[in-house]
Amino acid sequence: MTIEKMRVQVELACNDEADFEETMTLLDSHIASHPENAEYLRMRIAMFDAAYDHISAWKDRKVLALLQPEDLDNQLEILARQHKSAYWITDEVFEEKMRALFPDEGGDEDEDDDGEEYEDKEISEEGEVSEHEDGEDTEDEPVDPAVLAAREALEQEAASYSEQLEQQAMYGFVQLMKEHAADAGKADKILAAWSEANIWNPWLRYSMILQALAVHPDSVEFKKERARLLVAICDAVEEDSAKTPPGFFEHMILGRMHAHTVYQAIDAIDEIDNLEDAGLLTQKGHLLKALDKYSAAAGAYRLAAKAYEAALQNSSEEELEVLNHRLQEVLQEADTCQRGRASVHARHFAELENSMAQLGQLSTSLRNQEVSFSDRTEAMANLKSALGEWQEQSINMPEEPSEQQIQEIKSAAAKVASSTVGLVSWAHIDIAPMEKAGFKDEMHPWLDEMQQAMVKTDMQFLSWFQNMANVLILKREAPGACWLAPTQEFALLIEAAGNARLKRCVSLLSDGSLLLTSDARSSSYYLSGPRVHSFALFKSTPVTDMLALHEARLHAHLARQPGVEVRPITDLADIQEFENLLRTHAREFRLANGITDPEIRGMNVQFNDVYAHELKREVADRLAALQAG
């Protein structure tokens, strides 16, 4: 059969118009006879996908990648499927090993070879079915502890393997972006494939966006991608704790948000000239609303409305309803924000009430089904109670603080101002080389863990060290270690200061500025100024993700700064220079600017505007006294 006839036969089989099994057998024989022909392989992939046998399709795609390594679409399909189906791939890989340990397990549990009725079997409280006669001892036979231990070890190995598959897939996307970033079309295709795969790793996605911007610094589309990414991580939290972490603030409608990222996202949107993207303009309105800048938010929503009106002129009939709905939404948002906070809260409460009513109607419509609703009434009551508490808190929230609250704000501002100005230092920082054996035993587990993590990277170990400034402040040892990138473009520093653990990627630039990527996202609200290009991640961020993001940030920054070059980092003297430049830039920034709005917002204090006024005044007075003295 010719390729064309085989293609027709496969299409018929996939549409249930020809015998599927016969077609697959015929196709298998063609592939066996012509293993070098990629077209037959593509047809079998189509058949596997039609039969929802995605694992077999994934395996064939890997063979296809050997035949046609230049096929980007196929490579993206491999990575997306590997990430989506990591659990099932692992299950297949470990099935034989697990069956060897427990040969009686497995098989088709749904089949009933004895023809017994399901209701004649006993069903336990856990939903397990057992088959036994009345009075029969149903206790399970004891299992050899060694076998159980082997099973647990195998399950842990399988979980690790599944995680590795997902990690390999994500880094496969990053590697493809490195290879194809110069082609804007392919770069866009890679980002789209990542999105379609529903992968949530914002740091690696940000790395890929920045890789694209490094070779297309003026691309409006990639600038939009960067802005969307920053918007998406504004409300990303490491863990849901009762206490708001430093650097975050709470908003009654939009929840917990990272202050510096909110300002960064707004700046990223504003950097796009002549922006007519309704979605991004709407997001800008949301962010400004989160900062209680209601008039500015109203302006952003009106710009979004203009963008939707323009889109309506060129929309299809299918798009008209959606675009009109969104247009009305942003117009309502603009009108509500223009009237101020009370109006914004009232509209939000009305929307919540409407949602509650719809939930109540849903409960009523499902009441006659064979489902237990014993907890539904209680859940609805709890939601209604929470809604009432929110409304009461909103109504009772005063526009201005009372006299007593003003005094409390002034007292808090004085304390924070004192600690803020206390960070200003002219002292020189010394970095002293150390031997790991000289550090206290309590530090070794974390240092050992980081050493093991770094073995998986291409970073080269430089030295153990101590930052003597930290030793002086803490009056105890402050161990650290340094690894260098093969290109010497950046270094990774890990440090333990008291109970704190800190990871930082650092670069020195020829214009005297610094590039810094740290894991201090939930531990600080202070910034170091425009000469320190910083970005913070969570403590839980894998070090490999941090390295990838820092490298991408570095190349994207250099692309935006013609003439600026990265200075090589080769020894601890360069690390010492970095630390002293960091202190210098932070000091000059603080002396020139006092305390800034993103820092203050990250302190999460009620009556932010009043607090900001008091804190800025306190800091300015103390800095003036410091400089005068």
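Residues numbered from 1 in each chain as written. Predicted model: local features only at pLDDT ≥ 70, side-chain atom pairs only at ≥ 80, totals over all residues. Heavy atoms only, no water.

*Asks:* I keep staring at the layout of surface pockets and nothing clicks. Help me out?
*Replies:* To find the voids left in a structure, one rolls a probe of water-molecule size over its atoms. The computed volume of the largest pocket comes to approximately 1600 Å³. Lining the largest pocket are 43 residues, with Leu 423, Leu 502, Ser 524, Ser 528 and Leu 582 positioned closest to its centre. Contributing elements (two or more residues each) for the lining of the largest pocket: helix H11 (259-270), helix H19 (468-474), strand E8 (491-497), strand E9 (500-509), strand E10 (514-518), strand E11 (532-536), helix H21 (572-593) and helix H22 (597-601). For the lining of the largest pocket, the element with the most residues is H21, which contributes 6 residues. Residue classes in the lining of the largest pocket are distributed as 21 nonpolar, 12 polar and 10 charged. Empty space within the second largest pocket amounts to approximately 980 Å³. Contributing to the lining of the second largest pocket are 31 residues, with Tyr 171, Thr 457, Pro 542, Val 543 and Thr 544 lying nearest its centre. At 8 residues, the largest contribution of residues to the lining of the second largest pocket is made by helix H7 (residues 145-180). The residue inventory of the lining of the second largest pocket, partitioned by class, reads 13 nonpolar, 8 polar and 10 charged. (1 Å grid on protein atoms, 1.4 Å probe; cavity = no way out; pocket = protein on both sides within 12 Å on 5 of 7 lines; lining within 4 Å. Points joined across faces, edges and corners; volume = space filled by probe spheres on them. Helix = DSSP H or I, 4+ residues; strand = E, 2+ residues; numbered from the N terminus. Nonpolar A, V, L, I, M, F, W, Y, C, P; charged D, E, K, R; others polar.)

*Asks:* Any chance you could explain the nonpolar core here in plain terms?
*Replies:* A general feature of soluble globular proteins is that nonpolar side chains tend to end up buried together. In this structure, Phe 173 and Leu 492 are the most contacted members of the largest nonpolar core, which totals 95 residues. Ignoring any residue separated from it by four or fewer positions in sequence, one finds Leu 492 in contact with Met 454, Met 459, Ala 481, Cys 482, Trp 483, Arg 504, Cys 505, Val 543, Met 546 and Leu 547. Ranked by size, the runner-up nonpolar core spans 18 residues in total, among them Cys 482, Leu 493, Leu 508 and Ile 569. (Core = buried A, V, L, I, M, F, W, Y, C linked by side-chain atoms within 4.5 Å. Buried < 20%, exposed > 50% of the residue type's maximum accessible area, 1.4 Å probe, protein only. Contact = heavy atoms within 4.5 Å.)

*Asks:* Would you take a moment to explain unusual backbone geometry for this structure?
*Replies:* It is generally the case that most residues other than glycine have a negative phi and that most peptide bonds are trans. One non-glycine residue with positive phi stands out, namely Asn 274, at about 50 degrees. Its place among the elements puts Asn 274 in the loop between H11 and helix H12 (278-290). The exposed category is assigned to Asn 274, whose relative accessible area is 74%. Positive phi values are uncommon outside glycine, yet Asn 604 reaches one of about 55 degrees. Tracing the backbone through its elements, the reader meets Asn 604 in the loop between H22 and helix H23 (608-628).

Distances and angles like these do not, on their own, reveal function.
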